[in-house]
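As a plain string of letters, each chain reads:
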Amino acid sequence: MSPALALLRRDLGLLMPGGTQGGVLPLLFFLAVAMLYPFAVGPDAQLLARTGGGVIWVAALLAAILPLEKLVAGDVENGTFDQLHLRGISEELAMAIRLAAHWLAFAPLLLVATLPAAALLGLSGETTRTVLLGLLAGTPGLAAVGLMVAALTAAMRGGAALAGLMVIPLAVPILIFGAGALARPDESAILLTAAISLVLVAIAPFAAGAAIRASREN
Amino acid sequence: MQAQLIANDIACRRGERLLFKGLSLGCAPGDALQVTGSNGVGKSSLIRILAGLLKPFSGEVSTTGAMGLIDETLALDANQPLGKALAFWERIDGCRDPSRALEVLQLEELLDVPVRFLSTGQKKRAAFARLLNRNCPIWLLDEPLNGLDTQAQKSVESLVALHCSGGGIAVVASHQAMALPDAETLAIEDFAA
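What counts and what doesn't
- Residues numbered from 1 in each chain as written.
- Chains lettered and ligands numbered in written order.
- Predicted model: local features only at pLDDT ≥ 70, side-chain atom pairs only at ≥ 80, totals over all residues.
- Heavy atoms only, no water.
- Helix = DSSP H or I, 4+ residues; strand = E, 2+ residues; numbered from the N terminus.
- Rg over C-alpha atoms; globule rule 2.2 N^0.38 Å.
- Buried < 20%, exposed > 50% of the residue type's maximum accessible area, 1.4 Å probe, protein only.
- Contact = heavy atoms within 4.5 Å.
- Areas by Shrake-Rupley, 256 points an atom, 1.4 Å probe, with all protein chains shown as cover.
- Lys, Arg positive; Asp, Glu negative; His and termini not counted.
- Charge placed at Lys NZ, Arg CZ, Asp CG, Glu CD.
- Axes fitted to C-alpha atoms, helices over the stretch in contact; angles between N-to-C directions.
- Parallel < 35°, antiparallel > 145°, perpendicular 65-115°, else oblique.
- Left-handed = near helix turned anticlockwise from the far one by under 90°.
- Nonpolar A, V, L, I, M, F, W, Y, C, P; charged D, E, K, R; others polar.
- Pairing = 2+ DSSP bridges.
- Expected span 1.5 Å × (residues − 1).
- Bend = angle between axes of the 7 residues up to and from the residue.
- Core = buried A, V, L, I, M, F, W, Y, C linked by side-chain atoms within 4.5 Å.
- Domains from an automatic or database assignment.

- Named according to an unreviewed UniProt entry, chain B is Heme ABC exporter ATP-binding protein CcmA originating from Qipengyuania xiapuensis.

This is the structure we're talking about:
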């Protein structure tokens, strides 16, 4: 098995629900928001159907913050990236693999959980489809932002809380276009969301890799 | 290509402090180098510079051959059983048969134990198992005797001696005296800035 595949297998094993670091907590959190929202605004079916898509987007963004604490910090602390560096696996490659594993461990299950969440909010089939397409286009970008911020805050004490705060402004463009797709009849907003995601995914391994190298100088 | 490790006139700065300067060393196959010095003079920093993990403030390091590092970090997932955690590095290093290293370091009975339950000495032995399975010519060891009992210290000393007699290079930073045949000593205090 090539080293990159071995690393992907390990990262998936750690991050997937059932792995040593993975959990279903972000998903339960996501569903809990969708469940609480009707209690908070009342059983007005029209209001729920009109605002529910946006609520799902906010819930997805907040759920994406939860796994960040353990995404990178543990491996910086226990020297895994040092050992990989000695084996010729650059920080950039390690981060690209971590990004793929993070997205795989988080996004597909979130898309599945969107179906019960949409049912709880009484969304129409058309709206649910738009939300799903938007999340499919936007979650790679959310994962990329999360990885960059997790790598930047990995060497800091109490970095996790800061990471949560840093992700929110960086994720705003994804939220604006992803949730904005709900208000438009065509798919241009979803395409823009996908474009933002692509840019973020392209930058993330380099930014996160540089952050890990810089953390060695502390 | 024969393994070698050369550092030329390197200086190390941590924060605002210059730890050492003008330090040069050269290791050829079979060489063992013991780096000595009291706490905080830069032994660990020197090892990390040689490993390419830290940039020297000035000077340069050139190495030929793969390097293996043992330092105070373990790089094994604390929640996984030892066998599974080591298996990841065996796959990365392309090691087919880890059994000899496990036998030498007496780790066979610990393979099912989660890494977080291992004692300090057992963790150090696990790090040595990974180093042996990597099968690389240059060993960089930072305080390799920490936490080991007398018997394990002896077996580590003989592992390093065996490695060097087989044409390997070992650089050992330790505040404890380590019995290494024909080892040269480098006192970092001589290069203090």
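Structure shown, so let's carry the discussion forward.
Thoughts on the overall build of chain B
Next, step 1: Assigned secondary structure in chain B consists of 5 helices and 8 strands.
Next, step 2: From first element to last, N terminus to C terminus, chain B shows the α and β order β-β-β-α-β-β-α-α-α-β-α-β-β.
Next, step 3: Computed over its C-alpha atoms, the radius of gyration of chain B comes to 17 Å, within 12% of the 16 Å expected for a compact globule of 193 residues.
Next, step 4: Seen along its three principal axes, the alpha-carbon backbone of chain B occupies a region of about 50 × 35 × 30 Å.
Next, step 5: Out of the 193 residues belonging to chain B, those deemed buried represent 51%.
Next, step 6: Taking as baseline every contact in chain B between residues at least 6 positions apart, the subset at least 24 positions apart corresponds to 71%.
Next, step 7: As displayed, chain B offers around 9,000 Å² of accessible surface, 47% of which is attributable to carbon and sulfur atoms.
Next, step 8: Averaging the locations of the 18 positively and 22 negatively charged side chains of chain B gives two centres separated by 7 Å.

Some remarks on the packing of helix H7 (residues 125-152) of chain A against helix H8 (residues 159-180) of chain A
Residues and elements named next belong to chain A.
Next, step 1: Packing of H7 against H8 leaves a shortest axis separation of 9 Å and a crossing angle of 150°. As far as their axial angle goes, H8 and H7 are roughly antiparallel. In the packing of H7 onto H8, the handedness of the crossing is right-handed. Residue-level inspection shows Gly 138, Gly 141, Leu 142, Val 145, Gly 146, Val 149 and Leu 152 of H7 in contact with H8, the latter providing Ala 163, Met 166, Val 167, Leu 170, Ala 171 and Ile 174.
Next, step 2: Class assignment for the residues of the contact of H7 with H8 results in 10 nonpolar, 3 polar and no charged.

Observations regarding the pairing of strand E3 (residues 32-36) of chain B
Consecutive residues of a regular strand have side chains that alternate between opposite faces of the sheet.
Residue and element names in this part refer to chain B.
Next, step 1: Burial analysis of E3 places 4 of its 5 residues in the buried class, which makes it a mostly covered element.
Next, step 2: Bridge count between E3 and strand E7 (residues 169-173): 4 bridges; the pairing is parallel. Within E7, the position partnered with Ala 32 by the bridge is Ala 170.
Next, step 3: Judged from the 4 bridges that link them, E3 and strand E8 (residues 184-187) form a sheet pairing that is parallel. Following the sheet pairing, Val 35 is matched in E8 by Leu 186.

What to know about helix H6 (residues 91-121) of chain A
Residues and elements named next belong to chain A.
Next, step 1: In this model, H6 (31 residues) spans 42 Å end to end at C-alpha, consistent with the 45 Å of a helix rising 1.5 Å per residue.
Next, step 2: A maximum bend of about 25° is found in H6 at Leu 104, where proline Pro 108 lies one to four positions downstream.
Next, step 3: Just downstream of H6, Gly 122 is the residue with a positive phi angle, here 70°.

A look at the nonpolar core
Next, step 1: Grouped together as the largest cluster of nonpolar side chains are 96 residues, with contacts concentrated most on Phe 30, Ile 56, Val 72 and Leu 84 of chain A together with Leu 76, Leu 82 and Val 160 of chain B.
Next, step 2: If you tally residues by element for this core, the top one is H6 of chain A, at 14 residues.
Next, step 3: Split by domain, the residues of this core number at least three in each of domain 1 (1-66 + 136-193) and domain 2 (77-135) of chain B.
Next, step 4: Sequence-distant contacts of Ile 56 of chain A, defined by excluding residues within four places in its chain, comprise Phe 30, Thr 114, Ala 117, Ala 118, Leu 121, Leu 123, Val 131 and Leu 135 of chain A.
Next, step 5: Listed in part, the 30 residues of the second largest apolar core include Leu 19, Leu 23, Leu 25 and Val 35 of chain B.

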